[in-house]
Amino acid sequence: MATDWVRAAEELVEELLEPNAAEVDRTGRIPDAHFDALAERGFHGFLLSEGMTPEILINTVATVISGCLATGFVWAQHLGAVRAVAFGDNADLRDRFLPRMTRGDYRCGVSYAGARTRPTLFAEPTDTGYLLSGTAPFVTGWDYIDAVAAAVRIRSGDDESVATLLLPTDRLDGVSAERIPLIAADASATVQLRFDRTPVTADHLITSKPHARFSSDRGSLTDWVNGALSLGVLMRCVRQLDDSNIDPEPYRHRLTSLRTQYATAATDPRAVYALRAETAHTALTTAAAAVVATGSRATRSGSTPERLTREATFALVCTTRDPIKHALLDRLEP
């Protein structure tokens, strides 16, 4: 497998992802070849590889996303499931599923619906496991995944806990899926799931924690990793300027500065929020620059600047929590 993960990601982008991104956007379907290539090159489990650092992790994920947002969006959420299973409490489940997950033979999505301040997905303990009720508003990759690593809220008297369960999609009784049309990355097959007393056996429990501890453990690290989306969109917008009649160097310099700052911010929530806002805002203005530089051709549906504008808009709000939203609004205020 690759040892220089960032360079391996760049090669994958150059050879496969970027040349096909427009077609993925047009058809609303991610080719199997994209996931096969990620698996063949070890990307489904790369975050567990020896010598992994925050800089390598964030730059690798952002690079893949820069090649094809829809593909990267599905794949990045699989990485979240890999991390949950790899560091969860259930060793038997880990031994059973993690090797397949890291090979790319068993792809997963994620849902944090039960971990929210206002949870929407609940679990009722039973003698054999749990009964799930409620909704998971956004589950990405529904057409491509084998399971969902879902956080569900359990209430017992005044106590609340969050259980993370691995939900195999082929065994979910009492579940309905509604496709959500997206302005960008629509090929990611993002759905809303509704659960009606869906049974899940106890052996699919990844981990369970008091709600307060779950929130503190998840915290800024998840917010930091999720920032790879706007960083990847910005990277692609800057590359677009190479084909324009304006000087791309100021934009490239800003991208380099943001990448450098972001790689070291994982443990600083305030820095993460500020940098995510700045990166998303910069992606939007860089996409706008690409539109202006291209001229009237950018108004054609399906043009690359048009797609990047939609992707930059998507990055403004995707996986964005209130502190990031407020920081962005400060930047957008006249």
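One numbering rule holds for all chains: residues counted from 1, following each sequence as written. Reporting in this predicted model follows two pLDDT cut-offs: at least 70 for local features of residues, and 80 or more for side-chain atom pairs to be given and counted; totals over whole chains, interfaces and linings ignore these cut-offs and use all residues. In computing side-chain properties, one takes all heavy atoms of the structure into account and sets aside hydrogens as well as water.

## Considerations on the side chain of Ser111
Note the threshold: Comment: elements are numbered from the N terminus, with helices defined as DSSP H or I runs of at least four residues and strands as E runs of at least two. For this analysis, residues touch if any pair of their heavy atoms sits within 4.5 Å.
Mapped onto the elements, Ser111 comes out in strand β1 (residues 108-111). Those residues in contact with Ser111 that sit more than four places away from it in its chain are Ala136, Val139, Val148, Ala149, Ala150 and Ala151.

## A word on the UniProt feature "domain: Acyl-CoA dehydrogenase/oxidase N-terminal" (unreviewed entry) in the protein
The line we're drawing: UniProt positions are given in the numbering used here, feature names are shortened, and annotations may be inferred rather than shown by experiment.
Per the UniProt record, the feature "domain: Acyl-CoA dehydrogenase/oxidase N-terminal" (unreviewed entry) sits at residues 7-105. Each end of residues 7-105 is marked by a C-alpha atom, and these two atoms are 24 Å apart; helix forms 76% of the span and strand 0%.

## Some words on unusual backbone geometry
The backbone of Ala189 sits at a positive phi, close to 55 degrees, despite the residue not being glycine. Structurally, Ala189 can be placed in the loop between β6 (175-179) and β7 (191-201). Phi angles above zero are rare outside glycine, and Thr319 is one such case at about 55 degrees. Of note, Thr319 is situated in the loop between α10 (304-317) and α11 (322-332).

## Here we look at empty space enclosed by the protein
How we decide: In this analysis a 1.4 Å probe is tested at points of a 1 Å grid over the protein atoms alone, and where it fits but cannot get out there is a cavity; an open set with protein on both sides within 12 Å along at least five of seven lines is a pocket; lining residues have an atom within 4 Å of a point. Grid points are joined across faces, edges and corners, and a volume is the space filled by probe spheres set on the points. Note on residue classes: Ala, Val, Leu, Ile, Met, Phe, Trp, Tyr, Cys and Pro are nonpolar, Asp, Glu, Lys and Arg are charged, and everything else, Gly too, is polar.
Applying the stated criterion to the full structure yields 1 cavity of 30 Å³ or more. What lines the largest cavity is Ala21, Val24, Asp25, Cys68, Leu69, Ala70, Ala185, Asp186, Ala187, Arg307 and Glu311. When residues of the lining of the largest cavity are assigned to their parent elements, the largest contribution, 3 residues, is made by helix α1 (residues 5-27). Broken down by class, the residue content of the lining of the largest cavity amounts to 7 nonpolar, no polar and 4 charged.

## Details of the layout of surface pockets
Roughly 240 Å³ of volume is contained in the second largest pocket. Lining the second largest pocket are 13 residues, and of these Glu10, Met235, Arg239, Leu255 and Arg259 lie nearest its centre. For the lining of the second largest pocket, the secondary structure elements donating two or more residues are α1, α3 (54-67), α7 (228-240) and α8 (249-263). In terms of residue count, α8 provides more of the lining of the second largest pocket than any other element does, 4 residues in total. The class makeup of the residues in the lining of the second largest pocket is 4 nonpolar, 3 polar and 6 charged.

## Some details on the pairing of strand β3 (residues 129-139)
Inclusion rule: At least two DSSP bridges between two strands are required for those strands to pair.
Relative to β3, strand β2 (residues 121-125) is paired through 5 bridges, and the arrangement is antiparallel. Residue Ala123 lies in a different strand from β3, and its bridge partner there is Leu132. The turn joining β2 and β3, which pair antiparallel and follow one another in sequence, is formed by 3 residues. One ladder, built from 9 bridges, connects β3 with β7; its direction is antiparallel. Each residue of the ladder has a partner; that of Tyr130, found in β7, is Val200.

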